[in-house]
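Each chain is listed here by its residues.
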Amino acid sequence: HLLTSERMLQMPLFAGLSEAAWEAFRDGMLRRIFFPGEQLLSPLAKNNDLVLLARGAVSIDIAGRTIRVERRGESLRGLSQREGMEMDMISPDDALHPAVFGDVEFLGLNEERVSSIKADAECHCWLLSRSTLTKAFNAPETDSLLWDLGRLVTEPGRVAFAKLRVLNIFDEAGCSQEFLQYLQDHFEPRIYLQGKTICDFELPAGTRVMHIVTNGVASTLSEDERLRTLSANTTFGMMAALGIPPRPERVKKVLAVEHSSCQLLHQAVVVRALELFPDQRMKVLMLSNGGQETDAQDLIGRIQESPFFCNTHPDFVRELANSAVDRIFMPGDLVVNEGESGNSMFVLLNGSADVYVSDKKNQDKGHDKKAEAKKIKNMIRVGHLAAGAIAGELAMLGISQTRSASIQAATLCVFWEVTQERAMIILDRFPEERQLFSSVIVQNLDLTVPGRLMSLPLFKTFDRKFRNLLGLYSERHAFFPDHTATREGEVGDKLWIMNSGPVMLTKKGFRVKMYLPGTHFGCDNMLGLSRNYMGTLVAMTVCHVLALSRQSYLHALEQYPSKSAHQKLVKTQKRETAELREMLDRVAVRKGVWQRYQGELAGALGMNQTPDDELIRRVVKGWHDQVRVLREKRLQNAIRHEDMLQKLEGFKQKLADGKQRIQQRSKLKELLKWNLTERGPLKYMEESKKPDPVMQSNLEKIQAWQVASDPWADESSWPETAQQHEMLKDWPRPRPNPHYRLHVWDVVRQELRSQESGPPSRMLPLLGTKGKRNEDDLLPKGPETSGPKKSAAAGKFRTGVKAVLLTRLLSARPTVAAAKATAADLAGRVT
């Protein structure tokens, strides 16, 4: 019903038209059909037509970037759209009316168009020219909506001032004037009718654009459902990926109070400007980093700190940076798509991305993967990329011709894209980094090794377990272009199996045979039939090759014996080796003769059929090959020299250990001879055990911890004697306790002193002085005390009296006179 001109003119844009204007529009309206890829409106075309989309789908592009999509028609609901690109914010009522394009230029509000409209599907449109509007408005149409919209003309100075208000965000970040001028030239002018939504922060499309009203009035709807009029020249919107927060804060929507014209700066335009002005990227990225400034050296430093590039040379990372192309992706953008062809590698500098692969269970058997790009929603997330991660290295190295997974940007991402041609030149100058990428190839293709050996016709007669064991024993190698795996005449005992990439066999410098994946060379060397290789294997591209030595083959044969299969293999290889050797000699001789004939013929004719560029290329290639051979020889000599030095050191240590054991044995013999023939104490061997390194390290750790925990553990930190005296004066003293003087002699002294003034002591009854006691009274009574027993008791008594009196004398500490009197008294009493 939208395909008739009458229904077209019933849309709200043509409301209030008079009958004459309506007739003019109907007569001047043209119907056109645009096919996918055609442009409805172009910035280059100087036309001011109004385009009404009745049915179809279009994309609106500015500066080569799609900013939004529009579609009309029920049959287009299932139409696939770009990943990460949402539809424009339209209400269900607006979807019933045609989409309008070119209205700003049609009404004369803007002179130059900045956007282009491109058809994504078959589009049915109606076109109105500017001349039709002029003819219809010969008389003023004050009641029509088009007449009111035509009065929104804004002075150019006011529009430029409004743009500068928006660009103030990037001006504060320190962006250059060229960068700001590019953004200023790519603002999108739009018209919003009264009551329509200008910006909705709750929709994804509202988080990628900044607005400013140049003519009209707008209001904000806050989170508490309050309407507030937006002040003039106020910038509103947000760019979430660039770190620009919502403006104003806590606002859900911005509505047009009356018919308004706005200027829009899209996030995609800023990204395009960053691609054109690479020196401004760090300043804009500073917005997303919370205001922290980041320069190129900081990014290179981050790359060198990543797990993959942590052991690489700084010059290698700098050369990658110089030869790479910077790519910036917004959240939701696809970096690479699974199934697409490509030969470049991506290095993530800033941001994060997710890796997806297709779900094989949901794939249709007859579905063509290349016909339609895969959607992320139908894929499985299998990985996450952070700063410093690499992706697409197998495609860059030529191992894979198509992308094996899809990568979608989770945040604002900055990538380095390095092509295969530039990467090979850089890797050729850095052998250590080339070895790093070789390990990546070996690691990624390790799962293909068992399948290659299981399907190899050479071992099809052997047991399955034997072939599995060969897969475990085989060596994995990766060779870059023009690198050699074997050399003609070199001694070797390995079988070379081509797993990925072509390898050329040369004889006397002539190309003889090409080995493709699934073929093999050197089986006669592995079986011991030949000692030297018949030719030189040179990698044509990046190749993954398996090497199986004779020792590994014999070990696997010992584990799973198969005598008949082995004998059959030896017999077959003898015949094939003889045929191959004969063919190599024949081809090499034929090509040598032909080359000599061509040279003699060119010399006889006095002409050189080889161009100068080809001669220069051959000379440089020969010089390059010779330099590589010499470098590899020097490297091998250095490795052999280092190995020889290690062997010499081990031999010296072995001699020293042997001498020490001999000395210990001789000492042991001497000790045994001494202990057997001589008199005296036995002698023993002094064991000199080396300290256990583990115990020694633990002891050192304990000692270090003690020194750290005890401030006086180190004698050098002890205080001097004078300081110790001062410290002891301030040292707290304990509370007096009577038990501190509880000693035997103190108790005896106290008891002796109490005998002179107090009652008789219970502890020392023999020292009583008040009650004159006789010795016989103190002796035990009874019949057993007579005779010799009484004399013994009396002797013990006298000894006790002597000890007690002597104790009393010592404890009293008398003067000399008193001591003499006491001694005389003591002698009398003892007598």
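You'll find the structure just up there.
Residues numbered from 1 in each chain as written. Predicted model: local features only at pLDDT ≥ 70, side-chain atom pairs only at ≥ 80, totals over all residues. Heavy atoms only, no water.

Draft legend 1. The overall build of the protein, seen in detail. Summing up its helical and strand segments, the protein has 27 helices and 32 strands in all. Expressed as a percentage of the 831 residues in the protein, the buried residues total 38%. Excluding contacts between residues fewer than 6 apart, the proportion of contacts in the protein whose partners are at least 24 apart in sequence is 77%. Accessible surface, the protein as shown: approximately 50100 Å² in total, 53% of it carbon and sulfur. (Helix = DSSP H or I, 4+ residues; strand = E, 2+ residues; numbered from the N terminus. Buried < 20%, exposed > 50% of the residue type's maximum accessible area, 1.4 Å probe, protein only. Contact = heavy atoms within 4.5 Å. Areas by Shrake-Rupley, 256 points an atom, 1.4 Å probe, with all protein chains shown as cover.)

Draft legend 2. Spotlight on the sheet that holds strand 30 (residues 520–521). Taken in spatial order, the 4 strands line up as 25-32-27-30 in an open sheet, and their pairing is antiparallel. Each having just a single partner strand, strand 25 (475–479) and strand 30 make up the two edges of the open sheet. Where strand 25 and strand 32 (residues 543–549) come together, 5 bridges link them in antiparallel fashion. Of the residues in strand 32, the one forming a bridge with Ala478 is His544. Strands strand 25 and strand 32 of the sheet are contacted by helix 15 (residues 431–444), whose axis makes an angle of about 130° with strand 25. (Pairing = 2+ DSSP bridges. Axes fitted to C-alpha atoms, helices over the stretch in contact; angles between N-to-C directions.)

Draft legend 3. Region of interest: unusual backbone geometry. Of note, the amide linkage connecting Arg247 to Pro248 takes the cis form, showing an omega dihedral of -5°. Looking at the secondary structure, you find Pro248 in the loop between strand 14 (244–247) and strand 15 (251–256). Even without a glycine there, the phi angle at Asp482 is positive, about 70°. With respect to the helices, strands and loops of the structure, Asp482 is situated in the loop between strand 25 and strand 26 (484–486). Take Asp482: its relative accessible area is 38%, and that puts it in the partly exposed class.

Draft legend 4. Representation of the sheet that holds strand 11 (residues 218–222). The sheet built from 4 strands is open, its strands ordered 9-15-11-12 with antiparallel pairing. Two strands close off the open sheet at either side, each with one partner strand: strand 9 (197–200) and strand 12 (227–229). Each strand of the sheet is rotated relative to its neighbour by a mean of 25°, with strand direction disregarded. Inspection of the sheet shows strand 11 paired to strand 12 by 3 bridges, in the antiparallel sense. Considered in strand 12, the bridge of Thr220 is made with Arg228.

Draft legend 5. Spatial organisation of helix 15. Here helix 15 spans 20 Å end to end across 14 residues, near enough to the 20 Å set by a 1.5 Å rise per residue. What helix 15 keeps buried is the set Glu433, Arg434, Phe437, Ser438, Val440, Ile441 and Val442. Elements that come into contact with the buried residues of helix 15 comprise helix 12 (314–323), strand 19 (344–350), helix 13 (393–397), helix 14 (420–429), strand 25 and strand 32. (Expected span 1.5 Å × (residues − 1).)

Draft legend 6. Seen up close, the pairing of strand 16 (residues 260–266). Within strand 16, 7 of the 7 residues are buried, leaving the element largely enclosed by the surrounding structure. The alternating pattern of strand 16 places Ser260, Cys262, Leu264 and His266 on one face and Ser261, Gln263 and Leu265 on the opposite face, and all of these are buried. Pairing analysis gives 5 bridges linking strand 8 (residues 188–192) to strand 16, with the strands arranged antiparallel. Bridging across to strand 16, Ile191 finds its partner in Ser261. With 6 bridges joining them, strand 10 (residues 208–215) and strand 16 adopt antiparallel strand pairing. Note on strand 16: the bridge partner recorded for His211 is Leu264.

Draft legend 7. Highlighting the packing of aromatic side chains. In this structure the tally under the stated criterion is 18 aromatic pairs. Here the aromatic rings of Phe346 and Phe415 are separated by 6.0 Å at their centres, their planes lie at 90°, and the arrangement is edge-to-face. With a gap of 69 residues between them, Phe346 in strand 19 and Phe415 in strand 24 (residues 413–419) connect regions that are remote in the sequence. Relative accessible area serves as the criterion here: at 4%, Phe346 is assigned to the buried category. Geometrically, the ring pair formed by Phe466 and Tyr553 is edge-to-face, given 6.0 Å between the ring centres and 85° between the ring planes. In this pair, Phe466 is assigned in helix 17 (residues 464–473) and Tyr553 in helix 19 (residues 550–559), connecting sequence segments 87 residues apart. Looking at Tyr553, the relative accessible area reads 0%, which means it is buried. Following the ring pairs from residue to residue traces out a cluster consisting of Phe14, Phe25, Phe137 and Trp147. (Phe/Tyr/Trp six-rings, centres within 6.5 Å; stacked < 30°, edge-to-face > 60°.)

Draft legend 8. Highlighting the side chain of Arg68. When you line up the elements, Arg68 lands in strand 4 (residues 65–72). Judged by relative accessible area, which is 9%, Arg68 ranks as buried. Polar side-chain contacts of Arg68 include one of 2.9 Å to the side chain of Glu188. (Polar contact = N/O pair within 3.5 Å; in protein donor to acceptor, adjacent residues only side chain to side chain.)

Draft legend 9. Inspection of the packing of helix 17 against helix 19 at higher detail. For the pair helix 17 and helix 19, the least separation of the axes is 10 Å and the interaxial angle reads 145°. As helix 17 packs across helix 19, the resulting crossing turns out to be right-handed. Between helix 17, through Phe466, Leu469, Leu470 and Tyr473, and helix 19, the contact on the second element is made entirely by Ser552, Tyr553, His555, Ala556, Leu557 and Gln559. The residue makeup of the contact of helix 17 with helix 19, split by class, is 7 nonpolar, 3 polar and no charged. (Left-handed = near helix turned anticlockwise from the far one by under 90°. Nonpolar A, V, L, I, M, F, W, Y, C, P; charged D, E, K, R; others polar.)

Draft legend 10. Spotlight on the pattern of salt bridges. Scanning the entire structure with this criterion turns up 19 salt bridges. When the shortest N-O distance is used, the salt bridge between Arg26 and Glu23 registers 2.4 Å. Linking Arg26 with Glu23, this pair stays in helix 2 (residues 19–28), spanning 3 residues, or about one helical turn. Among the residues examined, Arg26 registers a relative accessible area of 28% and is labelled partly exposed. Among the salt bridges present, the one from Lys494 reaches Glu475, with a minimum N-O distance of 3.1 Å. With a gap of 19 residues between them, Lys494 in strand 27 (residues 494–500) and Glu475 in strand 25 connect regions that are remote in the sequence. Accessibility expressed as a relative area gives 23% for Lys494, which makes it partly exposed. A cluster of three or more residues bridged by salt bridges with shared partners is formed by Asp428, Asp625 and Arg628. (Salt bridge = Lys/Arg side-chain N within 4 Å of Asp/Glu carboxyl O.)

Draft legend 11. Structural detail: helix 9 (residues 267–276). Within helix 9, 7 of the 10 residues are buried, which leaves the element mostly enclosed by the surrounding structure. For helix 9, every residue scored as buried is listed here: Gln267, Ala268, Val269, Val270, Val271, Ala273 and Leu274.

Draft legend 12. View of the nonpolar core. Core analysis: the biggest nonpolar cluster contains 80 residues, and Phe170, Phe179, Leu183, Leu265 and Leu397 have the highest contact counts within it. Among the elements that line this core, the one with the most residues is helix 9, at 6 residues. In this structure Leu265 touches Val166, Leu167, Phe170, Leu183, Phe187, Arg208, Val209, Met210, Met239 and Val270, once residues within four positions along its chain are discounted. Residues Met11, Phe14, Met29 and Leu50 belong to the second largest nonpolar core, which totals 24 residues. (Core = buried A, V, L, I, M, F, W, Y, C linked by side-chain atoms within 4.5 Å.)

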